[in-house]
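Residue-level structure breakdown
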Amino acid sequence: DGGITQSPKYLFRKEGQNVTLSCEQNLNHDAMYWYRQDPGQGLRLIYYSQIVNDFQKGDIAEGYSVSREKKESFPLTVTSAQKNPTAFYLCASSRQGAVPEAFFGQGTRLTVV
Amino acid sequence: AQSVTQPDIHITVSEGASLELRCNYSYGATPYLFWYVQSPGQGLQLLLKYFSGDTLVQGIKGFEAEFKRSQSSFNLRKPSVHWSDAAEYFCAVGANGNKLVFGAGTILRVKS
């Protein structure tokens, strides 16, 4: 079945460590996105990529980095520079074109202790 | 800049009662509008979408939404709520370059 797979579902890291969240899709979508979700704040865009080897910052990119070496993969690294990394992270993808209908993974909950 | 406002943070309805969740948007051109639903600890599932044409759109799980350009609104409705509808609902508007802008969400509680 086609879809978006995020792993792991739960992630615990010590403060000051970098951590990478995985996102893989087999929908053959060109565009991929990372969102951060905090209670009462909706979804905020971290980074997005519309094509392989290219990506753009979203609204809250500071302290995060991404790569897009393959069409199906868009990993997110939460660096030690991110001041408040504990959150729920959602990956999404969509077809390239005028209609931005996004399909979401099941999310990764990151807890920094 | 595009924005979405969901005025109600929480809504509680009785099972079997009707439901309306409000969504107002700000966007300079003809918008692409979406409603998504999220169960706790899960990803988002698309309920319905509006691109053009008929302003009343039908979605999954018995939901519908009406696009009103004059009011910049895209309210979600359901005639009879089931306990399984308890979740968080997000309205979103399509922005430049395929990005979606989301509202803060409305948490729906269903009482029996």
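This report concerns the structure included in the present document. (Residues numbered from 1 in each chain as written. Chains lettered and ligands numbered in written order. Predicted model: local features only at pLDDT ≥ 70, side-chain atom pairs only at ≥ 80, totals over all residues. Heavy atoms only, no water.)

**Some details on the overall build of chain B**
Spelled out, the test is: The helix and strand labels rest on DSSP assignments: H or I over at least four residues marks a helix, E over at least two residues marks a strand, and numbering proceeds from the N terminus. Exposure categories follow from relative accessible area, calculated using a 1.4 Å probe and restricted to protein chains: below 20% of the type maximum is buried, above 50% is exposed, and the middle band is partly exposed. We call two residues in contact whenever any of their non-hydrogen atoms come within 4.5 Å of each other.
Scanning chain B from N- to C-terminus turns up zero helices and 12 strands. Scanning chain B from its N terminus toward the C terminus, one meets helices and strands in the order β-β-β-β-β-β-β-β-β-β-β-β. The buried share of chain B, reckoned over its 112 residues, is 45%. The long-range fraction of contacts in chain B, counting pairs at least 24 apart against all pairs at least 6 apart in sequence, stands at 53%.

**Here's the deal with the packing of aromatic side chains**
We describe a pair of aromatic rings using the distance from one ring centre to the other and the angle between the two ring planes. What counts here: Side-chain rings of Phe, Tyr and Trp (the six-membered ring for Trp) are treated as a pair once their centres are within 6.5 Å; stacked means planes under 30 degrees apart, edge-to-face means over 60, and tilted covers the remaining angles. We call a charge positioned over a ring when the NZ of a Lys or the CZ of an Arg lies within 6 Å of the ring centre and within 35 degrees of the ring normal.
With the rule as written, the count across this model stands at 16 aromatic pairs over all chains. Aromatic rings pair up to connect A:Tyr33, A:Tyr35, A:Tyr48, A:Phe104, B:Tyr32, B:Phe34, B:Tyr36, B:Phe51 and B:Phe102 into one cluster. Against the face of A:Phe74 rests A:Arg68, its NZ or CZ located 5.9 Å from the ring centre.

**As for the interface of chain A and chain B**
The condition is simple: Once two parts are put together, the accessible area they lose, assessed with a 1.4 Å probe and summed over both, is termed the buried area. For salt bridges, the criterion is a side-chain nitrogen of Lys or Arg within 4 Å of an Asp or Glu carboxyl oxygen. Under the rule applied, a polar contact is a pair of N or O atoms within 3.5 Å (in protein, one hydrogen donor and one hydrogen acceptor; residues adjacent in sequence only if both atoms are side-chain atoms).
The interface of chain A with chain B comprises 25 residues on the first partner and 21 residues on the second. Interface area, chain A with chain B, both sides summed: about 1800 Å², of which 54% is carbon and sulfur. For B:Lys49, the salt bridge identified is with A:Glu101, shortest N-O distance 2.6 Å. If you look at where chain A meets chain B, you find five residue pairs in polar contact (both at pLDDT 80 or more).

**Let's talk about the state of the cysteines**
Residues and elements named next belong to chain A. Which entries qualify depends on this criterion: Here, a disulfide means two cysteine sulfur atoms that sit within 2.5 Å of each other.
Scanning the entire structure with this criterion turns up two disulfides over all chains. Paired by a disulfide, Cys-23 and Cys-91 hold their sulfur atoms 1.9 Å apart. On the S-S bond that ties Cys-23 to Cys-91, the torsion sits near -75 degrees, and the link is left-handed. Within this pair, whereas Cys-23 is found in strand S3 (residues 19–25), its partner Cys-91 is found in strand S9 (residues 87–94), the two being separated by 68 residues in sequence. Each member of the pair, Cys-23 together with Cys-91, is buried.

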